[in-house]
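Chain by chain, the residues run as shown.
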Amino acid sequence: MTAVRVPGLPIIEAGQLVSTSPATGAEAGRLPIATAADVQQAVDRARAASEWWVGLGFTGRRQRLLRWRALLAQRIEQLAELVHVEGGKPVADAIVEIVTAIEHIDWAARNARRVLGPRRVRSRLILAEFSGHLEYQPHGVVGVIGPWNYPVFTPVGSAAYALAAGNTVVLKPSEYTPATGQWLVDSFAEVVGEQPVFTAVHGLGDVGAALCRSGVDKIAFTGSTATARKVMAACAESLTPVLIEGGGKDAMIVDSDANLDAAAEACVWGGMTNAGQTCIGIERVYAVDPIFDAFVDKVVAKASRLTVGPEGTDIGPITMPSQVDVIRRHIEAAVSSGGRAVLGGPSAVQPPYVHPTVLVDVPEDSAAIREETFGPTLTINRVRDADEAVARANALSYGLGGSVFGRRRAVSIAGRLRSGMASVNSTLTFAGMSTLPFGGTGDSGFGRIHGEDGLREFGRTKATTRRRARSLLPSMTFERTPADVARLVKAIKVLYGR
């Protein structure tokens with residue numbers, strides 16, 4: 001008997017992972033499922049290739065990565081179409097995602113030597129006879145476990161920085177978007193064909209678990225907080241270090257002196273781009289009382305104009321079929337607990353689509369406020385002032401990103417958000433800025449990708465001292481004399497005793 005296919009739900013046929021469109025059910029790709037032995041072999045091959053990749057040096061790796069960047073730029077439409085078919089994302093959104101990934105590849109390639117290369121570090125007076133030297137050496141093999149909602153931008157944000165730092169990479173794409181992950185690996189092999197520097201293994205959660213236990217030197221994971229805990233537990237068995245980007249429930253604060261038109265436009269984009277399936281998407285909004293009603297009206301007006309459907313629309317299908325049930329549950333819980341749907345509501349859930357929904361007056365203990373929804377929904381609640389907004393925004397265990405709209409106090413308010421990132425008078429923009437680190441705190445994870453911190457995340461700090469002269473204040477030797485110790489005491493009192 002042939003299994004009934006649910007559009008978008010990955011299935012296994014004859015040892016292959018079959019990926020289909022959540023909108024149409026059209027097949028997007030078939031990839032061989034990796035066994036634990038296959039995963040181990042991939043890691044072993046990557047480790048063997050590591051010496052060659054490191055040997056290219058920063059200059060050689062930069063050249064290869066820039067060629068990969070150019071290839072992605074030349075084929076951006078092809079990759080965007082695959083992302084659209086496999087995940088349902090509108091082509092325009094897919095292009096924006098790929099453009100951002102290309103920018104990150106370029107920055108990582110061009111800046112790796114400056115950030116990670118060996119350099120001299122100044123010594124202090126007590127050890128003036130020594131020079132200090134610092135460099136960041138590659139870990140070796142990095143395992144990247146990627147998500148389905150941004151199948152290009154997110155894994156590239158780890159892989160490109162890891163590769164620039166001198167690591168080889170084994171990617172385990174989400175089982176919902178394996179064809180996109182394989183496309184990235186295959187395109188890289190076109191410019192680096194000599195060795196398996198960047199490879200992929202495919203399958204369900206057991207393949208990710210096998211990667212965690214395969215002896216890789218670091219794991220970079222992006223996904224739900226629940227799965228992040230499982231990844232950490234598996235990696236703890238071998239003390240494999242991990243970089244975690246978990247879930248988010250990002251808040252937006254709208255102060256009394258905000259430009260409401262700009263705030264409403266950014267709010268709708270931040271909450272509903274990619275059908276709301278964005279870890280750093282705006283899910284909660286706190287607007288101060290004087291501007292609350294006007295702001296809600298503007299959000300509803302803008303969100304109601306968005307189109308929904310499979311082709312040429314603003315909002316595509318929900319990629320993971322089971323997420324539709326979560327979105328429905330959150331909307332129903334919000335309404336049943338006293339919230340009001342000023343746009344959409346329970347009837348907006350029309351699988352595989354969810355139409356824009358704006359909820360107001362939702363109790364703070366509702367699932368729609370406290371749990372990650374991952375759909376094109378917004379909750380907008382009234383607050384007395386910015387202080388109350390900050391308190392509510394910080395009340396959850398998540399701490400990924402956030403947004404503040406206002407003039408006089410916006411920057412200081414953003415600084416008070418318990419989050420790894422924040423944007424002022426915009427939403428999501430920190431993700432595209434390759435010079436800034438990206439990551440969260442609390443249940444949203446730890447570690448950073450992007451920027452200088454993202455490069456250092458994929459290097460082992462190596463500190464070296466080198467004697468360059470005779471010690472004037474010998475201390476770290478059994479050859480020191482009582483007079484040496486006395487001079488040392490005197491020097492410390494002069495330097496630090498006041």
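Everything below is about the structure shown above.
Keep in mind the model is a prediction, meaning the values are calculated, not measured.

Caption draft 1: Region of interest: the overall build of the protein chain. What the protein chain contains, in helices and strands, is 17 helices and 23 strands. In terms of overall dimensions, the protein chain has a C-alpha envelope of 85 × 60 × 40 Å along the principal axes. Within the protein chain, buried positions represent 56% of all 498 residues. In the protein chain, of all internal contacts separated by at least 6 residues, the share reaching a separation of at least 24 is 71%. For the protein chain, the accessible area works out to roughly 20900 Å², and carbon and sulfur atoms hold 55% of it. Placing the 53 positive and 49 negative side-chain charges of the protein chain at their respective mean positions leaves the two points 12 Å apart.

Caption draft 2: Representation of the sheet that holds strand β22 (residues 445–446). Read from one edge to the other, the open sheet built from 6 strands follows the order β8-β7-β6-β9-β10-β22, with strand pairing classed as mixed. Of all the strands in the sheet, just β8 (198–200) and β22 have a single pairing partner and so form its edges. Where strand β6 (residues 141–145) meets strand β7 (residues 168–172), 5 bridges bridge the pair, whose relative direction is parallel. Along β7, the bridge assignment pairs Gly143 with Val170. On the sheet, helix α6 (residues 178–191) packs against β7 and β8 and is oriented at approximately 150° with respect to β8.

Caption draft 3: Inspection of the pattern of salt bridges at higher detail. Inspection of every chain in the model, using the stated rule, returns 31 salt bridges. For Arg408, the salt bridge goes to Asp257, with nearest N and O atoms at 3.9 Å. Within this pair, whereas Arg408 is found in the loop between β19 (402–405) and α14 (410–416), its partner Asp257 is found in the loop between β11 (250–254) and α9 (260–272), the two being separated by 151 residues in sequence. The exposure class of Arg408 is exposed, given its relative accessible area of 66%. Residue class for Asp257 comes out buried when judged on its relative accessible area of 14%. A salt bridge links Arg392 to Glu364; the nearest nitrogen and oxygen atoms lie 3.3 Å apart. Note that Arg392 is positioned in helix α13 (residues 386–393) and Glu364 in the loop between β16 (357–360) and α12 (367–370), a separation of 28 residues in sequence. Overall, the relative accessible area of 24% leaves Glu364 in the partly exposed class. By sharing partners, the salt bridges in this structure join Arg5, Glu13, Glu27 and Arg30 into a single network.

Caption draft 4: Seen up close, the environment of Ala108. Tracing the chain through its elements places Ala108 in helix α4 (residues 91–116). Assessed through its relative accessible area of 0%, Ala108 is described here as buried. Distance in space between the C-alpha atoms of Ala108 and Arg62 is 8.4 Å, their sequence separation being 46 residues. Not counting residues within four places of it along the chain, the set of residues in contact with Ala108 comprises Ala160, Tyr161, Ala164 and Leu455.

Caption draft 5: Broad picture of the environment of Pro155. With respect to the helices and strands, the residue Pro155 is situated in helix α5 (residues 153–164). Between the C-alpha atoms of Pro155 and Gly181, which are 26 residues apart in sequence, the distance is 8.3 Å. Leave out the neighbours within four places in its chain, and Pro155 touches Val144, Pro147, Tyr150, Leu171 and Leu184.

Caption draft 6: Representation of the nonpolar core. If you look at the biggest cluster of nonpolar residues, it comprises 68 residues, and the most contacted ones within it are Trp68, Phe188, Phe198 and Leu455. Among the elements that line this core, the one with the most residues is α4, at 11 residues. If you look at the next biggest cluster of nonpolar residues, it comprises 53 residues, including Ala275, Val288, Ala368 and Ile413.

Caption draft 7: Spatial organisation of the side chain of His202. Summarising the element assignment, His202 is placed in the loop between β8 and α7 (205–212). The exposure class of His202 is buried, given its relative accessible area of 3%. Only 2.7 Å separates the side chain of His202 from the side chain of Gln182, close enough to count as a polar contact. Those residues in contact with His202 that sit more than four places away from it in its chain are Leu17, Leu31, Pro32, Ile33, Ala34, Pro173, Pro178, Gln182 and Val207.

Caption draft 8: The arrangement of the packing of helix α2 (residues 57–74) against α6 in detail. Contact pair α2 / α6: the axes reach a minimum separation of 9 Å and the direction vectors enclose 125°. In this view, α2 runs oblique relative to α6, as classed from their interaxial angle. As for how α2 packs across α6, the hand of that crossing is right-handed. Residues Arg64, Leu65, Arg67, Trp68, Leu71 and Leu72 of α2 pack against Trp183, Leu184, Ser187, Phe188, Glu190 and Val191 of α6. Of the residues contributing to the contact of α2 with α6, the split by class is 8 nonpolar, 1 polar and 3 charged.

Caption draft 9: Representation of unusual backbone geometry within the structure. In this model, Pro351 is joined to Pro352 through a cis peptide bond whose omega is 5°. Checked against the element boundaries, Pro352 lands in the loop between β14 (349–350) and β15 (353–354). In this structure, Ala14 is a non-glycine residue whose phi angle is positive, near 50°. Following the sequence through the fold, Ala14 ends up in the loop between β1 (11–13) and β2 (16–20). Positive phi, close to 55°, is recorded for Ala275, a residue that is not glycine. Mapped onto the fold, Ala275 is located in the loop between α9 and β12 (282–288). Among the residues examined, Ala275 registers a relative accessible area of 2% and is labelled buried.

Caption draft 10: Expanded view of α9. With 13 residues, α9 extends 18 Å from end C-alpha to end C-alpha; this agrees with the ideal 18 Å at 1.5 Å per step. What α9 keeps buried is the set Leu260, Ala263, Ala264, Ala266, Cys267, Val268, Gly270, Gly271 and Met272. Elements in contact with the buried residues of α9: β11, β12, α10 (292–303), β16, β17 (377–383) and β19. Structurally, the start of α9 carries an N-cap: the backbone nitrogen of Asp261 is 3.2 Å from a side-chain oxygen of Asn259. Directly after α9, the chain includes Asn274, whose backbone phi takes a positive value near 55°.

Caption draft 11: Region of the structure containing the packing of aromatic side chains. Enumeration over the complete set of coordinates arrives at 10 aromatic pairs. Considering the side-chain rings of Phe188 and Phe198, the 5.6 Å spacing of their centres and the 85° angle between planes classify their relative orientation as edge-to-face. Of this pair, Phe188 sits in helix α6 while Phe198 is found in strand β8, placing the two residues 10 residues apart along the sequence. Take Phe198: its relative accessible area is 5%, and that puts it in the buried class. Joined through ring pairs, the aromatic side chains of Trp52, Trp53, Trp68, Phe188 and Phe198 make up one cluster. Above the plane of the ring of Phe58 lies Arg61, whose end atom (NZ or CZ) is 4.9 Å from the centre. Over the ring of Phe458 we find Lys218; its NZ or CZ atom is 6.0 Å from the centre of that ring.

What counts, and where the lines are drawn
- Residues numbered from 1 in each chain as written.
- Predicted model: local features only at pLDDT ≥ 70, side-chain atom pairs only at ≥ 80, totals over all residues.
- Heavy atoms only, no water.
- Helix = DSSP H or I, 4+ residues; strand = E, 2+ residues; numbered from the N terminus.
- Buried < 20%, exposed > 50% of the residue type's maximum accessible area, 1.4 Å probe, protein only.
- Contact = heavy atoms within 4.5 Å.
- Areas by Shrake-Rupley, 256 points an atom, 1.4 Å probe, with all protein chains shown as cover.
- Lys, Arg positive; Asp, Glu negative; His and termini not counted.
- Charge placed at Lys NZ, Arg CZ, Asp CG, Glu CD.
- Pairing = 2+ DSSP bridges.
- Axes fitted to C-alpha atoms, helices over the stretch in contact; angles between N-to-C directions.
- Salt bridge = Lys/Arg side-chain N within 4 Å of Asp/Glu carboxyl O.
- Core = buried A, V, L, I, M, F, W, Y, C linked by side-chain atoms within 4.5 Å.
- Polar contact = N/O pair within 3.5 Å; in protein donor to acceptor, adjacent residues only side chain to side chain.
- Parallel < 35°, antiparallel > 145°, perpendicular 65-115°, else oblique.
- Left-handed = near helix turned anticlockwise from the far one by under 90°.
- Nonpolar A, V, L, I, M, F, W, Y, C, P; charged D, E, K, R; others polar.
- Expected span 1.5 Å × (residues − 1).
- Phe/Tyr/Trp six-rings, centres within 6.5 Å; stacked < 30°, edge-to-face > 60°.
- Lys NZ or Arg CZ within 6 Å of the ring centre and 35° of its normal.

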